[in-house]
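Spelled out, the chains give:
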Amino acid sequence: MSPSDTTLRDLHVPTPVIDPPDDYLHVEQTLSSWIFTTDHKRIGLLYLVSITVFFLLGSIAAGLIRLSLIVPDGEIFSNDIYNRLFTLHGVIMVWFFLVPSIPNTLGNFLLPLMIGAKDVAFPKLNLLSWYVFVLGSLFTMFVMIWGGVDTGWTFYTPLSTEYADSYVIAAVLGVIVVGFSSILTGLNFMVTVHKLRAPGMTWFRMPLFVWSLYATSMILVLATPVLTIALILLFAERALGLAVFDPANGGDPVLFQHLFWFYSHPVVYVMVLPGMGVMSELITAFSCKRVFGYKFIAFSSLGIAAIGFFVWGHHMFYNGMSPYAGLTFSLMSFIVAVPSAIKVYNWAATIHKGAIRLDTPMLYAMSWIGLFVIGGVTGLMLASTALDGHVHDTYFVVAHFHYIMVGATVVAFLGGIHFWWPKITGRLYSEPWGRISAFLMFFGFNMTFFPQYLLGYMGMPRRYHVYPPSYQVLNVLSSAGATMLAVAYIFPMIYLIWSLWYGERAGDNPWEAKGLEWTTTSPPPKHNFHHMPVVDFEPYDYPNIAPEK
Amino acid sequence: MSGTVGIKVEEHFHSAEQQRETARLGMWTFLLTELLLFSGLFITALVIRVQHPTSVTAVALHLKFWIGATNTAVLILSSFSMSVAIELSRLGRQRLMLRFMLLTAALGAVFMMLKGYEYYRDYVEHMMPFLPYRSYELAADPASRLFTNLYFITTGLHAIHLTIGIGIMLVMAWLASRTGFLQQHQNRIEITGLYWHFIDLVWMVVFPTLYLLNR
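Residues numbered from 1 in each chain as written. Chains lettered and ligands numbered in written order. Predicted model: local features only at pLDDT ≥ 70, side-chain atom pairs only at ≥ 80, totals over all residues.

## Overview of the overall build of chain A
Here is step 1: In terms of regular secondary structure, chain A is built from 17 helices and zero strands.
Here is step 2: In summary, chain A has a C-alpha radius of gyration of 23 Å against a globular reference of 24 Å for 549 residues, a match within 12%.
Here is step 3: Over its C-alpha atoms, taken along the principal directions, chain A stretches across nearly 75 × 45 × 45 Å.
Here is step 4: Per-residue burial over chain A gives 56% buried out of 549 residues.
Here is step 5: For chain A, the proportion of contacts with a sequence separation of at least 24, taken over those separated by at least 6, is 86%. (Helix = DSSP H or I, 4+ residues; strand = E, 2+ residues; numbered from the N terminus. Rg over C-alpha atoms; globule rule 2.2 N^0.38 Å. Buried ≥ 20, exposed ≤ 12 C-beta atoms within 10 Å, placed from the backbone. Contact = placed C-beta atoms within 7 Å.)

Encoded structure:
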């Protein structure tokens, strides 16, 4: 043990450990101890590895899409291959990366630690959810790469039931299976928060990340079954001939869209809410200041989850909807922006006069706010029916949801990984490389997606790869930005993996952050705490003075 | 036979009470997801009914009302017998509880047999529009296919759930045939019971939605 370790060690740890007991990474090292583990921390890492693989595959598909869009005449790929590429990209990124990204990796790892529990409520179910996820997603991947699916990730009928000449049935089955994994995780988290909090850990002492995970779990539990049934109906129609949406017999394809978006809009908040939770942790820790408006942030998470269930119609303003329904969905979509804005203002107020440290996680957090605000405000533009008529199904929409999903979720995910990396692995990564990557991410992201706002506003439709030559400059700019973005993803993969062997030992609390997870050793022992934690402090009791470096 | 009733506390819980409550909340949450799964079908039934009221009525008149009604009664009886089993498990009467669990599973099997007979009648009466080699009774009314198809999907999904329920019940009965089961795992009976009651309750909504509302 090096001397710096002793100085960094938190005084809260009860006994000075000379020969440290095995942490969760070293307690057993056989393969079966990993693939049959019920330890939430190891399952979190299993998820981290699997979703990173899917992220790489989805990114390759995105890269090929951007490659194709460099030239206006769509010569690089055939139409068929282009359709399959953007379907592959969408399905992988939504279901196999974004939905499980923060909840199943950081959430799995941190939720029990943050509330002072030994594990999640149902550890075996947790492992089962990983198996279900891996089997379902690998099956879908196999189908989509060897066979191909060309419906887009939305699987709209009757395209998916009648006209698509691709492997829709198998892909839909895979997505249904992966949905069960979401349900199991959401259920597990909800019950864990309700029943497994440590003594003294009242609801209003929970970290805001836990609040956001709780809201996320509510959405997963309530929305995912509706996707399951929508896809079951689609499956029955295409595979068994049990047609329910078939317009030839008077069926209503728009009904499928309603069922689909009843899941798929709330699931946007499944992607964003955990990111918001990560933000609350990062901003308080690196402003060294108590969070501003704790209860407002906590309740705004629940508010987003609740109102988020009543806005799905804004995806369908121009797909056959009465003006009154459109008006209602438009109004609700404006209202759901309020809790998001509350959070942003509260974070700004937290940073204000804080003792700010601009370490890597904080750089990610700062870029998060900027990107989320741009994505959110353009979301309001899309929520107004009149403007939506102009930019509906154009690159404006594509840019908007990438600002939310990549700009918010992926940036928060990376920020969170950097913040908790010392806790997860016990090692520190290279800070300069971290900062460079955070900057590259911000600039690369804006360069990729801001031109798409302009393209969409000028009228370039989504899902086409042939476009008028006048759009070429912006498309090339966007593709160039994607290259920079790729570098910003590859750097952390390299230096984080490098740090596993060569990184400096982190100590228990390298950021001087508050919260139960920082009171245990890094990496934590198998059952998280050496002694049962008793919570007798308020959340985020920061001193408002930056610690000495 | 009677004895102390309890549960074996797993490593990550503090107390038996905590474990008991956790399991119960977990099952309720799961049932909530099941409810939303079926409500997707109910809303679809409603939409089809609003869009094609006469076609839906034509189909509903072809459904076997009395088989559906008998099945409703069978499931209510099975729920009652499950309640008795749960009460007996709390009292520690393991052998008697076992019998009521087997009775519950048997009633579930009766439901499935009646359902199978109903499907057979549907086949005989040419009410299976999805079979390409067989003519369809209401072929003149294309919109009626939608509701007929939905009928098969909904009852089929319910039958799958009930089959799983019978399977769980038999496994639990097999486990409970060992002495000392209730001392360690009384909780499992309560959880199984929750699931069983839920399947019955879903049928209580399926039956009026498909058979009654549209006649």
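The discussion continues.
## Quick notes on the overall build of chain B
Here is step 1: Looking only at helices and strands, chain B features six helices and zero strands.
Here is step 2: Reading chain B from its N terminus to its C terminus gives the helix and strand order α-α-α-α-α-α.
Here is step 3: Here the analysis covers contacts within chain B between residues at least 6 apart in sequence; of these, 78% occur between residues at least 24 apart.

## Here's the deal with the interface of chain A and chain B
Here is step 1: Across the boundary between the two partners, chain A contributes 33 residues, which contact 27 residues of chain B.
Here is step 2: Those elements that place two or more of their residues in the side of chain A that touches chain B are helix H7 (168-195), helix H8 (208-240) and helix H9 (253-264) of chain A.
Here is step 3: When residues of the side of chain A that touches chain B are assigned to their parent elements, the largest contribution, eleven residues, is made by H8(A).
Here is step 4: Per-class residue counts for the side of chain A that touches chain B are 22 nonpolar, seven polar and four charged. (Nonpolar A, V, L, I, M, F, W, Y, C, P; charged D, E, K, R; others polar.)

## Some thoughts on unusual backbone geometry
Residues and elements named next belong to chain A.
Here is step 1: The omega angle of the peptide bond from Thr157 to Pro158 is -5 degrees, so this bond is cis rather than trans.
Here is step 2: Here Pro158 shows up in the loop between helix H5 (123-147) and helix H6 (159-163).
Here is step 3: For Cys288, which is not glycine, the phi torsion reads 55 degrees and is therefore positive.
Here is step 4: Tracing the chain through its elements places Cys288 in the loop between helix H10 (266-287) and helix H11 (294-307).
Here is step 5: Even without glycine at this site, Lys353 takes up a positive phi of about 60 degrees.
Here is step 6: In this structure, Lys353 sits in the loop between helix H12 (323-351) and helix H13 (360-383).

## Regarding the packing of helix H4 (residues 79-115) of chain A against helix H15 (residues 395-425) of chain A
Residue and element names in this part refer to chain A.
Here is step 1: Relative orientation of the contacting elements H4 and H15 amounts to 20 degrees, with a least axis distance of 10 Å. The angle between H4 and H15 places the two elements in the roughly parallel class. Here H4 runs over H15; the crossing is left-handed. Side by side, H4 and H15 meet where Leu98, Ser101, Ile102, Leu106, Phe109 and Leu110 of the first sit next to Met405, Thr409, Ala412, Phe413, Gly416, Trp420 and Ile424 of the second.
Here is step 2: Here the residues of the contact of H4 with H15 are counted per class, giving ten nonpolar, three polar and no charged. (Axes fitted to C-alpha atoms, helices over the stretch in contact; angles between N-to-C directions. Parallel < 35°, antiparallel > 145°, perpendicular 65-115°, else oblique. Left-handed = near helix turned anticlockwise from the far one by under 90°.)

## Observations concerning the domain arrangement of chain A
All names here are of chain A.
Here is step 1: Taken domain by domain, chain A holds domain 1 (36-264) and domain 2 (273-520 + 540-549).
Here is step 2: Listed as interface residues are 40 residues of domain 1 and, on the opposing side, 48 residues of domain 2.
Here is step 3: For the side of domain 1 that touches domain 2, the secondary-structure elements that each account for two or more residues are helix H3 (40-68), H4, H8 and H9.
Here is step 4: Sorting elements by how many residues they give to the side of domain 1 that touches domain 2 places H4 first, with twelve residues.
Here is step 5: In terms of residue class, the side of domain 1 that touches domain 2 is built from 27 nonpolar, eleven polar and two charged. (Domains from an automatic or database assignment.)

## What about the nonpolar core?
Here is step 1: Core analysis: the biggest nonpolar cluster contains 220 residues, and Ile115(A), Val210(A), Ile219(A), Ala230(A) and Met101(B) have the highest contact counts within it.
Here is step 2: Of the residues forming this core, the biggest block, 23 residues, is contributed by H8(A).
Here is step 3: If you count residues domain by domain, this core takes at least three from each of domain 1 (36-264) and domain 2 (273-520 + 540-549) of chain A.
Here is step 4: When residues no more than four places from it in sequence are discounted, the contact partners of Ile115(A) are Val193(A), Leu196(A), Arg197(A), Ala198(A), Met201(A), Met206(A) and Val210(A). (Core = buried A, V, L, I, M, F, W, Y, C linked by C-beta atoms within 7 Å.)

## Regarding the confidence of the model for chain B
Here is step 1: Across chain B, pLDDT averages 93, with 99% of residues at or above 70.
Here is step 2: Scored as a whole, the predicted complex attains pTM 0.93, and scored at its interfaces, ipTM 0.94. (pLDDT = per-residue confidence, 0-100.)

## Some points on helix H17 (residues 472-502) of chain A
All names here are of chain A.
Here is step 1: With 31 residues, H17 extends 45 Å between its outermost C-alpha atoms, agreeing within 8% with the 45 Å of an ideal straight helix rising 1.5 Å per residue.
Here is step 2: Those residues of H17 that fall on the buried side of the exposure criterion are Leu474, Asn475, Ser478, Gly481, Ala482, Leu485, Ala488, Pro492, Leu496 and Ser499.
Here is step 3: Buried residues belonging to H17 abut H3, H15 and helix H16 (431-458). (Expected span 1.5 Å × (residues − 1).)

## Quick notes on the packing of helix H3 (residues 65-91) of chain B against helix H6 (residues 181-212) of chain B
Residues and elements named next belong to chain B.
Here is step 1: Remark: H3 packs on H6, axes separated minimally by 9 Å, with the N-to-C direction vectors making an angle of 160 degrees. Between H3 and H6, the crossing angle belongs to the class labelled roughly antiparallel. Helix-helix and strand crossings are classified by hand; for H3 and H6 the assignment is left-handed. Side by side, H3 and H6 meet where Phe65, Gly68, Thr72, Leu75, Ile76, Ser78, Ser79, Met82, Ala85, Ile86 and Ser89 of the first sit next to Leu182, Gln186, Ile189, Glu190, Gly193, Trp196, His197, Asp200, Trp203, Phe207 and Tyr211 of the second.
Here is step 2: Grouping the amino acids of the contact of H3 with H6 by side-chain chemistry returns twelve nonpolar, eight polar and two charged.

## Digging into the environment of Leu96(B)
Here is step 1: In this structure, Leu96(B) sits in helix H4 (residues 94-124).
Here is step 2: Measuring from C-alpha to C-alpha, the distance between Leu96(B) and Ala85(B) comes to 7.8 Å, with eleven residues separating the pair along the chain.

## Some details on the environment of Val175(A)
Residues and elements named next belong to chain A.
Here is step 1: Secondary-structure assignment places Val175 in helix H7.
Here is step 2: On the neighbour-count criterion, Val175 (23 C-beta atoms within 10 Å) is buried.
Here is step 3: In this structure the C-alpha to C-alpha distance between Val175 and Gly375, which are 200 residues apart in sequence, comes to 27 Å.
Here is step 4: Dropping the residues within four chain positions of it, Val175 is found in contact with Trp95, Thr140 and Leu231.

## Topic: the environment of Gly26(B)
Here is step 1: In this structure, Gly26(B) sits in helix H1 (residues 16-51).
Here is step 2: Residues Gly26(B) and Ile191(B) lie 165 residues apart in sequence; the distance between their C-alpha atoms is 9.3 Å.
Here is step 3: When near neighbours in sequence (up to four residues on either side) are disregarded, Gly26(B) contacts Ala121(A), Phe122(A), Leu187(A) and Val191(A).

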